[in-house]
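# Structural overview for review
Below, each chain spelled out in residue letters.
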Amino acid sequence: MKTPSKRPNIVLILTDDHAAHAISAYGSVVNQTPRIDEIAAVGRRVDHCYCTNALCTPSRASILTGTHSHVNGVTTLDTPIDASQTTFVSLLKEQGYRTGIVGKWHMGEGEGHDPQEFDYWAVLREQGEYFNPQILSAEGVRIEPGYATDIITDLSIDWVDSLEGDEPWCLLIHHKAPHRSWEPDEKHQGMYAGQQIPVPATFDDDYAGRSSAAKHATMRVAEYLTMADLKVLPPEGLTPEELGLWKYQRYMEDYLACVASVDDNVGRVIDWLRARGDFDDTLLMYTSDQGFFLGDHGWFDKRFMYEESILMPLVLSYPNAIEPGEPLKQMVTNVDFAQTILDAAGVEPAERMQGVSFWPQLTHSPDAPTRDGVYYRYYENDDQHHHALAHYGIRTERYKLIYFYNDGMGLPGSSEHTYPPEWELYDMALDPEELVNVYHSAEYAHVIDELTAQLWQLQASLGDEPHHSQPVPARLRAAEPAA
């Protein structure tokens, strides 16, 4: 085990909608990401990192505060953050860190919602633009000419280079890319044109045996990509099946080109840290606010508790403390980031933080367990664009249990419609692609009995309320004392 001689600088590079299976360090079959891979090569790759609410705004709030959505109050895209909450950044600042954030904020704008406890902040307004983006800072709004991914890197580097003194710094580099509508820069435009990008095996998934939620969602590549996404008219004379595959290729060409620009800019940060002599003393993390469907199950977007949506890439390096090694296999979540970063910096977490630091697993206790199950909850029921239905569930090492309660409960961004609740269960060991819902299979009755109780208990331990439609699990009812 290495023992650093001083507190680390911290760089958290957060992208938007970058699926782990579009990173070559994770075995991507559709692209190469050599500079992101470099972080994994000199550090570690985390194989089971999950978000707890697969939407941009809630995930970002959970990363900052180290809490689940029901605690930090950011449940949907339309519920802005109370930026006065304690975050890992505010705690680092209290302990002498210089703090900065550049890029996508997307947690509200204006008094009470703009970034707080940052010495420097320059953020995109709302979702932000790929070209000539509006930048909001303490000085107001300006247009920054150029391409967002390059600009965000430029401003990040410029801020750190402007600092004087030896105190450590924490920098959050939050890219817009590769979010919809996938607009590449000139350098990478067309780099995948003419290539036959592999099509996922589940592209033609018919959702047989699953709840109505999969059929209700308007996320199919073949049906719901718009001309703003595709940007060019399809060739004439295509059959419906051929048209669906053509749309997939167009979608992926631009998505992967945006990723390539991100990868180049990750390389810029690595090279800059090395040139400064800071690379070995910096905890450098690359991740995304959630996963993304890349034609998997026929979809684009995220929201669902299925693996491609909730699995976040996470690679990190800190040569003076983390030895290169095998991927971390234990389950971690975005709620854990805050406590892990604070642990690396030697700063005590806030009592309200709900995560588990995985710093020991990265350093001195590689085989130590983290948690028995990951809790997930998506609130934005029947949203106007994608019509994904509200659900919560638990992901254990082998199983995934999902309860679609299908009720927006009056939350912003949800429709007024509710639907009958339904359950899904997946055996991830036998069915890693989540094609067979075994909830109604008699041979899994004991698993359901155990997992429904575990889910209920996990919600209680986190302070979340089960939906009123869900009965107390049979195992827990049986354990209640007689009246």
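Cut-offs applied
- Residues numbered from 1 in each chain as written.
- Predicted model: local features only at pLDDT ≥ 70, side-chain atom pairs only at ≥ 80, totals over all residues.
- Heavy atoms only, no water.
- UniProt positions renumbered as here; feature names shortened; annotations may be inferred.
- Domains from an automatic or database assignment.
- Contact = heavy atoms within 4.5 Å.
- Buried area = accessible area lost by both parts, 1.4 Å probe.
- Salt bridge = Lys/Arg side-chain N within 4 Å of Asp/Glu carboxyl O.
- Polar contact = N/O pair within 3.5 Å; in protein donor to acceptor, adjacent residues only side chain to side chain.
- Phe/Tyr/Trp six-rings, centres within 6.5 Å; stacked < 30°, edge-to-face > 60°.
- Helix = DSSP H or I, 4+ residues; strand = E, 2+ residues; numbered from the N terminus.
- Buried < 20%, exposed > 50% of the residue type's maximum accessible area, 1.4 Å probe, protein only.
- Lys NZ or Arg CZ within 6 Å of the ring centre and 35° of its normal.
- Core = buried A, V, L, I, M, F, W, Y, C linked by side-chain atoms within 4.5 Å.

Under the annotation held in an unreviewed UniProt entry, the chain carries the name Sulfatase and is attributed to Microterricola viridarii. The Sequence similarities (unreviewed entry) comment attached to the chain in UniProt states, word for word, "Belongs to the sulfatase family."

Structurally, the chain comprises domain 1 (9-185 + 249-367) and domain 2 (375-476). The interface of domain 1 with domain 2 comprises 28 residues on the first partner and 31 residues on the second. When the two sides are added together, the surface that domain 1 and domain 2 hide from each other amounts to roughly 2,300 Å², 60% of it contributed by carbon and sulfur. The largest per-residue losses of area from domain 1 upon contact with domain 2 belong to R303, M305 and Y306, which jointly make up 31% of the total buried on that side. Across the contact surface, domain 1 and domain 2 share three salt bridges. Note that K400 is salt-bridged to E307, the shortest N-O span being 2.7 Å. Applying the counting criterion to the domain 1 and domain 2 interface returns 18 residue pairs in polar contact (both at pLDDT 80 or more).

Before going further, it helps to spend a moment on the packing of aromatic side chains. Throughout the structure, instances matching the rule amount to 27 aromatic pairs. Their ring planes at 65° and their centres at 6.5 Å tell us that Y251 and F300 sit as a pair that is edge-to-face. Of this pair, Y251 sits in helix α9 (residues 240-276) while F300 sits in the loop between β9 (282-288) and α10 (307-310), and the two are 49 residues apart along the sequence. Side by side, Y251 and F300 carry an identical accessibility label, which is buried. An aromatic cluster of at least three residues, connected via ring pairs, comprises Y207, F293, W299, F304, Y306, F404 and Y426. The lysine or arginine in question, R45, covers the ring of Y26, its NZ or CZ lying 5.4 Å from the ring centre. A cation over an aromatic ring shows up here: R274 above the ring of F279, its NZ or CZ 4.0 Å from the ring centre.

Take the nonpolar core next. With 74 residues, the main nonpolar core has F88, L92, L172, L283 and F304 as its most contacted residues. Examining the composition of this core, we find that six residues originate from one element, helix α11 (residues 337-345), more than from any other. Setting aside its immediate chain neighbours within four residues, F304 contacts A213, A214, A217, M219, F293, W299, S309, I310, Y376, H391 and F404. The next biggest cluster of nonpolar side chains, apart from the first, holds 54 residues, and it includes A22, L124, W246 and V266.

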